[in-house]
Amino acid sequence: MGLKKKIRLKTIPQHIAIILDGNGRWAKRRNLPRHMGHKQGAVNLQKITLEAHQLGVNYLSVYAFSTENWKRPKDEIDYLMKLPKVFEEEYKDAFKEYDIRVVFSGRRDRLSKENIDLINRVEEKTKDRQGLTLNVCIDYGSQYEITEAAKSLAKEVKDGALKIEDIDILKMQSHLYTKDLPDVDLLIRTSGEIRLSNFLLWQVAYAEFYFTKVHWPAFKARHLYKAIKHFQKRERKFGGLKG
Ligand code: IPE
Ligand code: IPE
Ligand code: MG
């Protein structure tokens with residue numbers, strides 16, 4: 001039996017998060033400019049999204065641009081910031097056909113008006129779709145997200161709308177960008193780095209981690225199956241004892 005069939009017989013992670021890393025190294029290895037890696041990375045995102053949907057994954061969060069990625073050269077940032085539009089134009093039909101809902105997480109105050117309009121338009125247009133939810137994290141940083149949540153809770157307390165005693169884990173969660181998403185079950189990072197780089201720190205509290213050396217543009221369906229197979233072999237205990 002093929003790997004795809006085998007993994008479908010067992011529990012499929014409900015929420016997968018992927019740190020899409022290694023676009024630059026993928027391009028370098030092929031003597032291409034870095035932006036070609038980003039271009040191919042976007043093509044691959046569409047493929048893996050549809051694959052995850054077919055497997056029965058309900059939520060896919062992807063790290064596309066971090067709050068720290070603004071440190072990169074301007075021409076690289078300019079290229080990356082054009083990708084949401086290219087992505088929308090190329091894939092809106094496929095996403096419609098597969099009933100994919102798209103949401104975005106991250107700061108909105110540093111993006112161009114074009115990108116903010118695009119985010120609002122895409123979220124609105126896809127909001128009632130029943131297929132996989134693709135959560136695209138752009139200008140996303142977990143430390144910023146958690147700090148903003150703390151600030152907004154503090155403001156509610158100051159305004160008398162919230163009692164300090166009523167702040168609990170659920171309340172905190174309801175102030176994160178990902179308030180409508182379940183916690184991450186499986187976190188994948190491509191390209192060999194064993195770190196989180198400020199991605200979904202709160203949401204991966206009990207996630208299983210899978211690191212692969214494969215660069216993101218080369219990460220194919222079979223690599224996804226392999227990651228899920230590893231997930232299915234792990235024993236999740238959530239602090240309890242063996243089931
Ligand atoms: C990931 O690929 C994409 C972004 C961070 C925007 P990189 O651009 O980080 O690729 P490497 O790590 O330099 O190979
Ligand atoms: C993390 O990758 C951010 C994204 C994939 C968008 P980076 O390439 O920016 O992370 P570091 O710098 O290697 O930690
Ligand atoms: Mg990188």
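Residues numbered from 1 in each chain as written. Chains lettered and ligands numbered in written order. Predicted model: local features only at pLDDT ≥ 70, side-chain atom pairs only at ≥ 80, totals over all residues. Heavy atoms only, no water.

Caption draft 1: Highlighting the site of ligand 1. Near ligand 1, the surroundings consist of 13 residues, among which Leu20, Asp21, Arg25, Arg34 and Arg72 are the closest. Take aspartate 21: an N or O atom from its side chain is 2.9 Å from an oxygen atom of ligand 1. At a separation of 2.7 Å, an oxygen atom of ligand 1 approaches a polar side-chain atom of arginine 72. Here ligand 1 has 380 Å² of accessible area as a free molecule, and 88% of this is covered by the chains. Mapping ligand 1 onto the cavity grids shows that it belongs to the largest pocket. Elements supplying a minimum of two residues to the shell around ligand 1: helix H2 (23-29), helix H3 (34-55) and helix H4 (74-97). (Near = heavy atom within 4 Å. Polar contact = N/O pair within 3.5 Å; in protein donor to acceptor, adjacent residues only side chain to side chain. Areas by Shrake-Rupley, 256 points an atom, 1.4 Å probe, with all protein chains shown as cover. 1 Å grid on protein atoms, 1.4 Å probe; cavity = no way out; pocket = protein on both sides within 12 Å on 5 of 7 lines; lining within 4 Å. Sits in = over half its atoms within 2 Å of the grid points. Helix = DSSP H or I, 4+ residues; strand = E, 2+ residues; numbered from the N terminus.)

Caption draft 2: Representation of the pattern of salt bridges within the structure. Per the counting criterion, the structure on display carries 20 salt bridges. Note that glutamate 88 and arginine 121 form a salt bridge whose closest N and O atoms lie 2.9 Å from each other. Taken together, the residues span a long stretch of sequence, with glutamate 88 in helix H4 and arginine 121 in helix H5 (residues 113-126) at a distance of 33 residues. Take glutamate 88: its relative accessible area is 13%, and that puts it in the buried class. (Salt bridge = Lys/Arg side-chain N within 4 Å of Asp/Glu carboxyl O. Buried < 20%, exposed > 50% of the residue type's maximum accessible area, 1.4 Å probe, protein only.)

Caption draft 3: View of the pairing of strand E1 (residues 15-19). Burial analysis of E1 places five of its five residues in the buried class, which makes it a mostly covered element. Burial along E1 is two-sided: the residues His15, Ala17 and Ile19 and Ile16 and Ile18 are all buried. As paired elements, E1 and strand E2 (residues 59-66) share five bridges and run parallel to each other. Looking across to E2, one finds that isoleucine 19 is bridged to tyrosine 63. One ladder, built from four bridges, connects E1 with strand E5 (residues 186-189); its direction is parallel. Bridged to alanine 17 within E5 is leucine 187. (Pairing = 2+ DSSP bridges.)

Caption draft 4: Local environment of the sheet that holds strand E6 (residues 208-211). Spatially, E3-E4-E2-E1-E5-E6 is the arrangement adopted by the six strands of the open sheet, whose pairing is parallel. Looking at which strands have only one partner, the edges of the open sheet turn out to be strand E3 (101-105) and E6. On average, each strand axis in the sheet is tilted by 20° relative to the strand beside it, whichever way the strands run. Set on the sheet, helix H8 (residues 221-233) makes contact with E1, E5 and E6; between it and E5 the angle comes to about 135°. (Axes fitted to C-alpha atoms, helices over the stretch in contact; angles between N-to-C directions. Contact = heavy atoms within 4.5 Å.)

Caption draft 5: Representation of a positive patch on the surface. On the surface, a cluster of positive charge is contributed by Lys6, Lys10, Lys226, Lys229 and Lys233. Counting residues per element, the positive patch draws most heavily on H8, which supplies three residues. Looking at the element boundaries, lysine 233 is found in helix H8. (Patch = residues over 30% accessible without salt bridge, like charges linked within 9 Å, V, L, I, M, F, W, Y side chains within 5 Å. Lys, Arg positive; Asp, Glu negative; His and termini not counted. Charge placed at Lys NZ, Arg CZ, Asp CG, Glu CD.)

Caption draft 6: Region of the structure containing the site of ligand 2. Inspection of the region around ligand 2 gives Ile19, Leu20, Asp21, Tyr63, Ala64, Phe65, Ser66, Asn69, Arg72, Arg189, Arg195 and Ser197 as its neighbouring residues. Arginine 189 is positioned such that a nitrogen or oxygen atom in its side chain is 3.3 Å from an oxygen atom of ligand 2. A distance of 2.8 Å is found between an oxygen atom of ligand 2 and a side-chain nitrogen or oxygen belonging to arginine 195. Coverage of ligand 2 by the protein chains reaches 78% of its 390 Å² of free accessible surface. Judged by its atoms lying within 2 Å of the grid points, ligand 2 is housed in the largest pocket. Taken together, the residues of the shell around ligand 2 sort by class into five nonpolar, three polar and four charged. (Nonpolar A, V, L, I, M, F, W, Y, C, P; charged D, E, K, R; others polar.)

Caption draft 7: Spotlight on the confidence of the model for the chain. Averaged over every residue, the pLDDT of the chain is 97; the share at 70 or more is 100%. Put simply, helix H1 (residues 3-8) is where the chain has its lowest mean pLDDT, 95, and E1 is where it has its highest, 99. (pLDDT = per-residue confidence, 0-100.)

Caption draft 8: Molecular detail of the nonpolar core. Grouped together as the largest cluster of nonpolar side chains are 44 residues, with contacts concentrated most on Ile16, Ile18, Leu134, Ile188 and Leu224. Element by element, the count of residues in this core is highest for H4, at eight residues. Not counting residues within four places of it along the chain, the set of residues in contact with isoleucine 18 comprises Ile48, Leu60, Ser61, Val62, Tyr63, Ile188, Phe199 and Trp216. Formed by 12 residues, the second largest nonpolar core is a distinct cluster that contains Cys137, Leu196, Phe199 and Val204. (Core = buried A, V, L, I, M, F, W, Y, C linked by side-chain atoms within 4.5 Å.)

Caption draft 9: Spotlight on unusual backbone geometry. Located in the positive-phi region is aspartate 99, a residue other than glycine, with phi close to 60°. Tracing the backbone through its elements, the reader meets aspartate 99 in the loop between H4 and E3. With relative accessibility at 29%, the residue aspartate 99 sits in the partly exposed group. The phi angle at serine 197 is positive, at roughly 45°, despite the residue not being glycine. Looking at the element boundaries, serine 197 is found in the loop between E5 and E6. On the basis of relative accessibility, which here comes to 29%, the residue serine 197 falls in the partly exposed class.

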